[in-house]
Structure formats: C-alpha cells, structure tokens
Amino acid sequence: MAGLTIYTATVEKAREYGILKAVGFTNRYLYRVVLEQSLVTGLIGFVVGMGLTLVAGPFAQNLVPQFVILVRWQDLLAVFGVTLLMALFAAYIPVRRLAQIDPVAVFKG
Amino acid sequence: MSEGNAVLRMDAVTKVYGSGEAAVFALDKVDFEAYPGEVVVVMGPSGAGKTTFLTIAGALLRPTEGRVEIAGTEITSLKENRLPFVRRERVGFIFQNFNLLEALTGLENVRLVMMDPDSRGSVNRARELLEMFGLGHRLNSLPKNLSGGEKQRVGIARALANNPDLILADEPTANLDSKRGQEVMQLLRQIALELHRTVVIVSHDHRIREVAHRVLWLEDGRFRADVITERDPVCGRPVEVEGARTVEYEGSTYYFCADQCLKLFEATPRRFLEAVEE
Ligand SMILES: Nc1ncnc2c1ncn2[C@@H]1O[C@H](COP(=O)(O)OP(=O)(O)OP(=O)(O)O)[C@@H](O)[C@H]1O
Ligand SMILES: [Mg+2]
C-alpha cells in the first residue's frame, strides 16, 4: 500500500475520498487508513521529540546549569500515552467527515 | 433479444428524490438489460435521469423500488456494506472529469483499485493495461502532466483493473476535444468487442452514437419506446434502425453496426442469413 500511504499524507480532499468510495473502497478501510496515518505521524513526532531531548539535553544543561533535565522512563511512557491519545483525537474529525461523503457526488461535473 | 445472460438487468426500477410535494421521479419503472460484447448508449436531455440510472446500475445508489442485477447477483437485496465489493470487483466506472487521484502516477492510479496492489502480478497487469492504451511512456507521470485524452485513458485502464463484467461511463467524452473523444469512443467499443465486456455509456453527445450497438432515449425518467432496433446479421448485435447502414437483399433490408460488417455481408450474404435462421 505504498501508494496509498504516500497519497493519504496529502489528503484533505473530500472529493478524492468520494472517488475511492465510488470505485469500491469500504468506509471501514478508509477509516483504517486515516487512523494509521495519524498514528504513524504521532509516532514519528514522538521519536523525533525524544531524540532531540536526549541529544540536546546535555547541551542545554551545560549552557544553563540551573536547567535540570532528567528523563525518567515513567515520563517517556506518559508522553507516549498522550501522543497516542492525540493521534486518535486527530483522526476522529476526518473519520467523522469521511462517513458523510457521498460517492455519488463525484459524478457531478 | 441477445444470447447469453444479461450482465446488467433492471426490473421496474424507480428512483424518487425527496418526498411529498417536492418528490422528483428521476426514474420511473425503468426496465433495462445489457449483454456481453455490446455498447449501449443512453441519451437524453439534462435532468432526464441519466446519472441516476448509471449510479443505480453501478451499485452506488439504491433505487426506491425495483430490482437490479449485476452479473447474476441481485444487488438490491444486498446489505449496504457489501455494495463496495460489488463495485470494486464487478463494475468499472469511467467519469466525465476522469477522477484520478492527483498525488498518484498513472500506474499507481490503476494499481490502487486492485485487490493486491503491491504484488508483482498487479504491477504487471496495470502496466499492460496502460501500454495497451498507448500510455507505456507515461506510466510514471502525474495526472497534472497528462493531457485530457491521456487522463481518460488512465481512467479506462483503472476501470478495467479488476476485470469487471460491466463498464459504466458517464459523459466520457464531454471534457475532450473531438479527436480525443473519438479515440476514447473507439477504445470503449474495442473493450466491448475484443474483451467481451458490457459497456453502458450515458451521454448527450451525439457523436457517441457512432460506437453504439444500441441507443436508448431517456426522458423524464423513462425510456422512450419508439427507437427500433434490428439485429446485425454479421455480428449478431442489435442495431438502431434509424441512421444505420443498410443493404437490400432479396427483398429484405438488413441493418449493420459498422461498415466492416456490411462489407462482410455483401461478400457472402447467404453465409450470414443461414446463421441467423438457425
Ligand atoms: N440528490 C438529489 N436530490 C434531489 N433531486 C435530485 C438529486 N439528484 C438528481 N436529482 C433530480 O433528479 C433528476 C434526474 O437527475 P440526473 O442527475 O439523473 O439527470 P441527468 O440526466 O444526469 O442530467 P445531466 O444531463 O444534467 O447530468 C433531475 O430532475 C435532478 O434535479
Ligand atoms: Mg448527469
């Protein structure tokens, strides 16, 4: 599904979802695509954020000694959980909109 | 009328939009059948119900009343969540405005709808379809870099991706100049004849009649019954009498779908007449 994944990164377009429905993609499948996309984006954000913290943390501490950076695994877990929740929430709105798209509309000029 | 089983059959299909005072009968007890190997063109003025007819035929819209059968499956009694599978496996749609996905290449647009888009078999099949339609050099072009005619050919390749029995086209030439439109029409005819598919086109473009085996007139949600068709004695397809190529032979008039058939007939009429008698 490489094509579809790349493609959905740019999807904000109801018409294109309408086309997919018209040619036979199920709502369920499209929900899953949106959800996966959102989770992948969330995970990338999480990994990049954590990487930056670990790399840049020591520098920041050298610059400003009062600025204590301590990454505990409990914090990691909490941030991860919040990331997941945000990803789910971010997917909720497009999924609701998706349900309302009428594929018949793609036949109109 | 025609041999074999109908790929598309409609029985007393009615579609009403709205209700009460505002109710519109977009289709009014329509009967229809289409067979493998034939191109049927449904013409009619704006608002006649053509798009309604086509979307009901393609399992996109449910009729208010009546039965619809695609390739032997009665779709009017299927659950809503089964209809996408019917569309994907049994029906190929061709649209007026092509409806390609802009972020995908031609090849990806065709692969996308396949059941297993990443398999080598699918990639090969998508490529073969595009090559067959003269797009071998445009496989990796995005739609925005394709001409209208090229886009429509990608659209046709996509419609054939899953080997559907039924091809449904809504005004497939409306956004094309006459030369490109002509090419697309010939392709649709080829698909019916050579691949033995059923092609149903709705349009108000009169040029489309040239490729039709049968032309039906839809007006106010009904087919007008006064269009007479006869059987082409060479290929066996129904031909609309008005405007058809004809030959007088032994006191009878014969109607032909194309010059090719007419010439074959003229060479050895007996051969075809005996075949018809059988
Ligand atoms: N969703 C809808 N709600 C209400 N009325 C509708 C709807 N869709 C179509 N109609 C009406 O049903 C009738 C048939 O419409 P349809 O789109 O099938 O016609 P058409 O032959 O495709 O026209 P055109 O050539 O303009 O595309 C028209 O009177 C139209 O206004
Ligand atoms: Mg229409």
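What counts, and at which threshold
Residue numbering note: each chain is counted from 1, following its sequence as written. Naming scheme: in the order in which they are written, chains are lettered from A and ligands are numbered from 1. Only residues with pLDDT of 70 or above have their local features reported here, since the model is predicted, and side-chain atom pairs are shown and tallied only from 80 upward, although totals for entire chains, interfaces and linings are computed over all residues. The basis for every side-chain value is the complete set of non-hydrogen atoms in the structure, without hydrogens or water. Put simply, DSSP marks the helices as runs of H or I at least four residues long and the strands as runs of E at least two long, and each gets a number from the N terminus on. Put simply, the radius of gyration uses C-alpha atoms, and a globule should come to 2.2 Å times the residue count raised to 0.38. Per-residue accessibility, obtained with a 1.4 Å probe over protein chains only, is compared with the maximum for each type, and a residue is labelled buried under 20%, exposed over 50%, and partly exposed between these values. Should any heavy atoms of two residues lie within 4.5 Å, those residues are considered in contact. All accessible-area figures derive from a Shrake-Rupley calculation using a 1.4 Å probe, and residue coverage is judged against the displayed protein chains alone. When charges are counted, Lys and Arg contribute as positive and Asp and Glu as negative, whereas His and the chain ends are disregarded. Lys charges are placed at NZ, Arg charges at CZ, Asp charges at CG and Glu charges at CD. Put simply, buried area is how much 1.4 Å-probe accessible surface two parts lose in total, over both of them, once they are put together. What counts as a salt bridge is simple: a side-chain nitrogen of Lys or Arg found within 4 Å of a carboxyl oxygen of Asp or Glu. We call two N or O atoms a polar contact when they sit within 3.5 Å, provided that within protein one can donate a hydrogen and the other can accept it, with sequence-adjacent residues counted only if both atoms are side-chain atoms. At least two DSSP bridges between two strands are needed for those strands to be called paired. Fitted lines through C-alpha atoms serve as axes, helices being fitted only where they are in contact, and the angles separating the N-to-C directions of these axes extend from 0 to 180 degrees.

Participant: I tried to follow the overall build of chain B on my own but got confused; where do I start?
Facilitator: Tallying secondary structure elements over chain B gives eight helices and 14 strands in all. Computed over the C-alpha atoms, the radius of gyration of chain B is 20 Å, within 12% of the 19 Å expected from 2.2 N^0.38 for a compact globule of 278 residues. For chain B, the proportion of its 278 residues judged to be buried stands at 55%. Across chain B, the fraction of contacts at a sequence separation of at least 24, relative to all contacts at a separation of at least 6, is 65%. When the accessible surface of chain B is summed, it comes to about 12600 Å², and 46% of that surface belongs to carbon and sulfur atoms. Taking the average place of the 35 positive charges on the side chains of chain B and the average place of its 41 negative ones, the gap between the two points comes to 7 Å.

Participant: What am I meant to see in the interface of chain B and chain A here?
Facilitator: Facing 24 residues of chain B, the contacting portion of chain A comprises 22 residues. A combined buried area of about 2100 Å² lies between chain B and chain A, and 68% of that area is made up of carbon and sulfur atoms. Connecting chain B to chain A are zero salt bridges. Inspection of the region where chain B meets chain A yields six residue pairs in polar contact (both at pLDDT 80 or more). For the side of chain B that touches chain A, the secondary-structure elements that each account for two or more residues are α1 (50–57) and α2 (83–90) of chain B. Of the residues forming the side of chain B that touches chain A, the biggest block, four residues, is contributed by α2(B).

Participant: Would you mind going over the environment of B:N145 with me for this structure?
Facilitator: All names here are of chain B. Note on placement: N145 falls in the loop between α4 (120–132) and α5 (148–160). Overall, N145 belongs to the partly exposed group, its relative accessible area being 47%. Along the sequence, N145 and F95 sit 50 residues apart, while their C-alpha atoms lie 19 Å from each other.

Participant: What am I meant to see in the sheet that holds strand β8 (residues 198–203) of chain B here?
Facilitator: The strands making up a sheet are joined through hydrogen bonds of the backbone, oriented either antiparallel or parallel. Residues and elements named next belong to chain B. Strands sit in the order β6-β7-β8-β3-β9-β10 across an open sheet of six strands; the sheet is mixed. A strand with exactly one partner marks an edge of an open sheet, and here the two such strands are β6 (91–94) and β10 (222–224). The sheet shows a mean angle of 25° between the axes of neighbouring strands, direction not considered. Pairing geometry for strand β3 (residues 39–43) and strand β9 (residues 214–219), over four bridges, is parallel. What sits directly across from V40, in β9, is R214. Of the strands in this sheet, β6 and β7 (166–170) touch α2, which is tilted by about 80° from β6.

Participant: Got a minute to help me understand the sheet that holds strand β2 (residues 24–34) of chain B in this structure?
Facilitator: All names here are of chain B. The sheet built from four strands is open, its strands ordered β2-β1-β4-β5 with antiparallel pairing. The open sheet has two edge strands, β2 and β5 (73–74), and neither has a second partner. Pairing of strand β4 (residues 65–70) with β5, which is carried by two bridges, proceeds in the antiparallel orientation. Its bridge partner being in β5, E69 is matched across the sheet by E74.

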